[in-house]
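Structural description and commentary
Here is how the chains run, residue by residue.
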Amino acid sequence: MQMQRRQKSSPEKEPPAYQAPRPFPGPNSTDMGLPPPPPFTVVIVLLPVLLLLFLGPADVTGQQEDRLTKLERMTSQLARQLMLQQLYVEEAARSSEDSGIKQTRRRRDGQKPYHTATHTSRSVAAIHDHSDQIRTLGMGEFIGVLNGVEFRTRHNDYKLRMPSRRSSEYHVTEDIPFPRVPPRVLQKTSVEDQITEMRKWFKAWVDQDHSDRDYRKYFKPNLCYLEGAWTTDVETLDEPFDSDRHQLEAGSWFELQEQIRFTSYTGDKNYKENFAYLPTTVLNITAQGDPVFAQWNYRILCHPIVGDLNLSNFHPIDHLATRLAHRHTLREHVQSRAARFRLEREGARDSFKFSLLDELMYQVPGKDNYRASINDSLFDVQKVTADTGEPLNAGYYHRVYKVLEKDAMGESTVFKGFADRNLYVAQTTQPRVAAVSVPYCKNRRERMNRSRCQTVTRRVSYAIPLEVVYTTPLHAWNPYGLAQKGEARSTEGKTVKERGRRTGRNSSDLAFNGTNNAAHYLTPAHFFTGSEVGRSAGDTSRKNVSVLDTSGNIRAMRSSGLRIHLPNISGVGVARTRWPIMAVSTEGSQVWKELEALRDVVMDMKTYLPYFPTTPPFPEDVLKNASRRTDVHIVLETSLSDPEPRGLHMHTIELSRADVQAMRAWEQTVRVDTSRDNGHAHTLIIGFDRRRKRFRIVSCDGNAACFDGHEALLTRQSLQRVAAP
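How each quantity is defined
Residues numbered from 1 in each chain as written. Predicted model: local features only at pLDDT ≥ 70, side-chain atom pairs only at ≥ 80, totals over all residues. Heavy atoms only, no water. Helix = DSSP H or I, 4+ residues; strand = E, 2+ residues; numbered from the N terminus. Buried < 20%, exposed > 50% of the residue type's maximum accessible area, 1.4 Å probe, protein only. Contact = heavy atoms within 4.5 Å. pLDDT = per-residue confidence, 0-100. Pairing = 2+ DSSP bridges. Axes fitted to C-alpha atoms, helices over the stretch in contact; angles between N-to-C directions. Disulfide = S-S within 2.5 Å.

What follows is about the overall build of the chain. A tally of helices and strands in the chain yields 14 helices and 31 strands. Out of the 725 residues in the chain, the part that is buried amounts to 48%. Taking all contacts inside the chain whose residues are at least 6 apart in sequence as the whole, residues at least 24 apart take part in 66%.

Turning to the confidence of the model for the chain, a few remarks are in order. In this model, the chain carries a mean pLDDT of 84, and residues with pLDDT of at least 70 account for 87%. Low pLDDT, under 50, characterises residues 1-45; the stretch is placed with 69 contacts to residues that sit more than four places away or in other chains. For the stretch residues 49-55, pLDDT sits under 50, and the model shows six contacts to residues farther than four places along the chain or on other chains.

This part takes up the sheet that holds strand E30 (residues 694-700). The strand order across the open sheet built from three strands is E28-E29-E30, with neighbouring strands paired in antiparallel fashion. The open sheet has two edge strands, strand E28 (670-673) and E30, and neither has a second partner. For this sheet, the mean angle separating the axes of adjacent strands, direction not counted, is 40°. The pairing of strand E29 (residues 683-689) with E30 spans six bridges and is classified as antiparallel. Bridging from a neighbouring strand, Asp689 pairs with Arg694 of E30.

Applying the stated criterion across every chain, the model contains three disulfides. Shown here is the disulfide that connects Cys441 with Cys453, its sulfur atoms set 1.9 Å apart. Disulfide Cys441-Cys453: torsion about the S-S bond near 105°, hence right-handed. Residue Cys441 is located in the loop between strand E18 (435-440) and helix H10 (444-448), and its partner Cys453 is located in the loop between H10 and strand E19 (454-471); the two are separated by twelve residues in the primary sequence. Just as Cys441 is buried, Cys453 falls in that class too.

Pasting the structure below:
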């Protein structure tokens, strides 16, 4: 009865974007000319048959109609319950973990549990190199979680591509342009002089010194991300994204699901790693009681970051289990492929509401591509950006925003999701993305007369950042002027290897005849002075190959594609160009958080000695020399406000040691929130006025000044010394 009452109170209007798939008679439906629907359809179709058998035959036409009506109602209720069960599963996942990478494929065992793979093993997220291919980034299979939806990818090996800048059509992408070669390199007349000059540019980039050679024009950071969404097409298989090496081996979603069921049941794998577990769900029930299905799909794309991204913004994350498994020191771990990094500004606060990563992800569009322009005022509450206070373009990925009205806890800053710290969401207008609707009634009068309520409909996709990839001048630098013959499958491209006859050996008959996108060897071999770094079985590039130039001379070459680490460069060293920053889903659990805190204390007892409830039984000299440094908290105070509109009041602001150092030493600004007084708080950008030796407000709530009249200069109230790491 409760379900019946809910059904009556639901709105009459339903989003028209869906149609239930046709009935599925059995496993051999493709032979009958019918498309195979997802497994949920079999359940829904068989339910009426089972219920008819249960209710028994009827002799009177009226009784048959009553029974059919009852069957339709029961089928609709059971379909709704199936939808709610899926919601329960996702809600349970959302409450126990964050969005992120969860697991990679196990490839070894050991005496301890930590000897086996987690989100990382020999490499994080199974990344590897295909630097012989022009824009392929090696990445194997992994299990991911996005907003409570758990799925398993195929072998990814994605390409350096971005959403279209010109078209808003669904999944239209384009290549990310490679940086130009510095003119000071091209001005050199000999190859040796070009090599010497190019090394100086790499030295400037690694040292982050742009005073003489402004590397920022030629070393470009790109943010690569994992995107997922529920889609409306549950019949036709949609390849997630471009890859020169891997595609899903299935003719339909149903076939792919059957392959996953088989391999999961038997424990086997597809040896090309071209299977993926991408779930199907009942997303909605129409007013007629028909189930609306949706298919989960994902893709990996990249975005060229606007401006420069300093290498000092990457902070290594210690993973003790992996270090013990491979017997790595922390330094060795950071230099390996297994390392993962946290992306944040130097001197950033430990606790924050808006970070550098939020700023970068807000440059990334959802499925409407870069032309996305969606104003979001959900439930009549206007959303604005968390940093500048400008109207929020909801078509771009964000996990935090502000509202012009306070919530029930008096807060104006809102995070996406209930407790998922990695959930980035973007709205879209694409009809191929599944929609969810809900009735919205502004007041009690509308709730009493629901015909006056409006229906709010949203289509969204989710994303998490995966890695930052730097492109360099090596991708385009061609000092020997080798012939570049485009696609390997083109008629001209096939002449590079002549169907495998040319193997790249050091002879005119065996050397590659030029280069193509799958034999991308443009860099002189002696530009590097070392071997490939951390080479794994999945890598496809070779150390040296021989290539014929346009005059028929044999040149010793190295690959010029995308690498995790560049081989050693004389005077520069080994440089990392792929910086994994993906979140780990299990970091959202209470157990992980407690273990992470315990790990910090155990691994650095001297620093964290003040946090022990009782003094450990250390030797006296250890206790005497234990670090008890303090973190300086400067408490600032705003001036009195104007009497109107909020009455006379002041706010206090706390600055940490890192905040003060950033402003005084590096002349940076910091973003802080004031105390809440007279029913409101401010978000301030604060800098240090060297002439007056005073802290001052640079901006207030995204404006030049606070709306209630606080002056720009701040007064130091007190200096507190608090024990802290």
